[in-house]
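Working through the structure, step by step
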Amino acid sequence: MLPTYNFDKIKFATDRPTLEKAIGLYENGKVTQFREELNGFFATVLGTKPYRVYVDKRHYDQGDCDCYLGQNETLCKHMVAVAIYAVMDGRPLTEDDKKIISAPKCSGRLGELNKIKLAAVKKSITSAMRYIKPYNGPSRIWFAYQNSLSEGCSRLSAIISELPVSEQTAKILVETLLRLDRKLCTGGVDDSDGAVGDFIYETVDLLKDFAKIDSDCVDIFKKLKNKETCFGWEEPLLELIGK
Ligand SMILES: [Zn+2]
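Residues numbered from 1 in each chain as written. Predicted model: local features only at pLDDT ≥ 70, side-chain atom pairs only at ≥ 80, totals over all residues.

1. What about the pairing of strand β1 (residues 31-36)?
Here 4 bridges tie β1 to strand β2 (residues 40-46), and the two strands are oriented antiparallel to one another. Residue pairing across strands places Val-31 opposite Val-45, the latter belonging to β2. Here β1 folds back onto β2, and the loop between the two strands holds 3 residues. (Pairing = 2+ DSSP bridges. Helix = DSSP H or I, 4+ residues; strand = E, 2+ residues; numbered from the N terminus.)

2. Focus: the domain arrangement of the protein chain
According to the domain assignment, the protein chain contains domain 1 (7-98) and domain 2 (115-238). Here domain 1 and domain 2 have C-alpha centroids that lie 30 Å from each other. (Domains from an automatic or database assignment.)

3. With respect to the environment of Lys-99
You can see Lys-99 is positioned in the loop between α5 (95-98) and α6 (115-129). What makes Lys-99 exposed here is the crowd of 10 C-beta atoms within 10 Å. When the C-alpha atoms of Lys-99 and Ala-158 are compared, they prove to be 9.5 Å apart, with 59 residues separating the residues in sequence. (Buried ≥ 20, exposed ≤ 12 C-beta atoms within 10 Å, placed from the backbone.)

4. Re the sheet that holds β1
A sheet is described by the order of its strands in space; here 4 strands give the open sequence β1-β2-β3-β4, paired in antiparallel fashion. The open sheet has two free edges, formed respectively by β1 and β4 (63-65), since each of these has just one partner strand. Between one strand axis and the next, the sheet turns through 15° on average, direction left out of account. Of the pairings in the sheet, the one linking strand β3 (residues 50-56) to β4 comprises 3 bridges and is antiparallel in character. Bridging across to β4, Val-53 finds its partner in Cys-65. This element, helix α4 (residues 77-88), spans β1, β2, β3 and β4 of the sheet and lies at about 60° to β3. (Axes fitted to C-alpha atoms, helices over the stretch in contact; angles between N-to-C directions. Contact = placed C-beta atoms within 7 Å.)

5. Quick word on helix α2 (residues 16-27)
For α2, with 12 residues, the first-to-last C-alpha span of 16 Å sits near the 16 Å given by 1.5 Å per residue. Looking only at α2, the buried set comprises Leu-19, Ala-22, Ile-23, Leu-25 and Tyr-26. Buried residues along α2 cover an arc of 160° about the axis, so they all sit on one side. Pointing more than 90 degrees away from the buried face of α2 are the exposed residues Arg-16, Pro-17 and Gly-24. Looking at the buried positions of α2, the neighbouring elements they touch are α1 (7-13), β1, β2, α4 and α5. Positive phi shows up at Gly-29, right after α2, with a value of about 70°. (Expected span 1.5 Å × (residues − 1). Arc of directions from axis to C-beta.)

Right, here's the structure in full:
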């Protein structure tokens, strides 16, 4: 049986330093004696010493490792390396796989999306948004909940960083920010770690870059006039109107 997660899940849900080290372990052949059993995968990962690792088939972040972090119930690079082995079946990772995008970055490329692409982008934004959900407790799921918020933001960052620059795509971004704002203000999202807030600020910066490349984008920012947002993130964009 294949794992129910895929490489994207591991990529977007793991913090960057852990993911980078896990990719290093995987690519350097440090995952050895890999074997599949009913509910998960076992392997010996060669680190400072050989670690015995188990990773669940349904949740890549559940399992066991006899390293210090693993013993403290923290997701470690060894577990992530084994999960990568399981989804890749030992095949090499592509450059695209390894491109880790942790914050939105302007593509710097002018252009519009055609109808099919536009629909696909909107759909992928909506599915990434699902990770940014209300917090209903219990408190033991707190960390998993915060991870889900950052996973949503990482997924959004990857989508947004691919967008060409135009009024059309600026509009998508402004709408995305307003949706996130509603989630924060009234949607029950508990962004205590600030992942969503940071993402909003980074996307505002990206929109400022959009306006530098195509000044027509500023027209879209007018949508933000007289909006009550949760922390005034739209102000830098409003300053650009009428300049
Ligand atoms: Zn470990």
